[in-house]
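Chain residues, written in single-letter form:
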Amino acid sequence: MEKVIIVEGKSDKRKIQPILKEEVEIICTNGTISLSKLDELIDELLGKDVYILVDADDSGDKLRKQFKRELPEAEHLYIDRMYREVAAAPEYHLATVLLGANLDVRTDFLEKRMN
């Protein structure tokens, strides 16, 4: 089964890409997403494992609500609110969040926390 992670921006994508050990498609919404673009995306995502990883802020919450409504089978991943943005969260935190969703991550990112 193909896996897809939906993030808000390119900086989020750049942040999580090296942490992942498996082949996962990362799609950027670039903040908000129009309904027509969302419909297009949903058609593309049929039959895939979809994960939503957005910022812990108002625009992220809005986007998350939209996805919960339009794509109820997607799994929502949450970063700690103190980091606010995916791009600002430490790699070990993101690795833990991704691992919690059974995504294959590079273990060296998990070890960084222990040092």
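Above: the structure in question.
As the structure is a prediction and not an experimental result, all values here were calculated from the model.

**Q** A description of the nonpolar core should follow, citing residues and the corresponding values.
**A** Of all hydrophobic cores here, the largest spans 23 residues; its most connected members are I5, I16, L53, L77, L98 and L103. For this core, the secondary-structure elements that each account for two or more residues are β1 (3-7), β3 (49-53) and α4 (91-100). Counting residues per element, this core draws most heavily on α4, at four residues. When sequence neighbours within four positions are dropped, the list of residues in contact with L98 reads I5, I16, I19, L20, L53, L77, L103 and V105. L38, L45, V54 and L71 belong to the second-largest nonpolar core, a separate cluster that totals 15 residues.

**Q** Just give me the short version of the sheet that holds strand β4 (residues 75-77), but keep the residues and values in it.
**A** The sheet built from four strands is open, its strands ordered β2-β1-β3-β4 with parallel pairing. Strands with a single pairing partner mark the edges of an open sheet, and in this sheet they are β2 (25-28) and β4. Averaged over all neighbouring strand pairs, the angle between strand axes comes to 25 degrees, with direction disregarded. Alignment of β3 against β4, held across three bridges, turns out to be parallel.

**Q** Tell me what's going on with the pairing of β2, and back it up with residues and numbers.
**A** Where β1 and β2 come together, four bridges link them in parallel fashion. Bridge pairing in β2 links I5 to I26.

**Q** Any chance you could break down helix α3 (residues 58-70) for me, citing the residues and the numbers?
**A** An ideal rise of 1.5 Å per residue puts 18 Å on 13 residues; α3 measures up with 18 Å between its terminal C-alpha atoms. For α3, the elements touching its buried residues are β1, α2 (35-45), β3 and β4.

**Q** Hey, could you go over α4 for me, with residue numbers and the actual values?
**A** In an α-helix, one turn spans 3.6 residues, which is why side chains three or four residues apart end up on the same side. All buried positions along α4 are accounted for by H93, L94, A95, V97 and L98. Contacts made by the buried residues of α4 are with β1, α1 (10-16), β3, β4 and α5 (107-111). One or two positions beyond α4, positive phi appears at N102, with a value near 65 degrees.

The rules behind the values
- Residues numbered from 1 in each chain as written.
- Predicted model: local features only at pLDDT ≥ 70, side-chain atom pairs only at ≥ 80, totals over all residues.
- Heavy atoms only, no water.
- Core = buried A, V, L, I, M, F, W, Y, C linked by side-chain atoms within 4.5 Å.
- Buried < 20%, exposed > 50% of the residue type's maximum accessible area, 1.4 Å probe, protein only.
- Helix = DSSP H or I, 4+ residues; strand = E, 2+ residues; numbered from the N terminus.
- Contact = heavy atoms within 4.5 Å.
- Pairing = 2+ DSSP bridges.
- Axes fitted to C-alpha atoms, helices over the stretch in contact; angles between N-to-C directions.
- Expected span 1.5 Å × (residues − 1).

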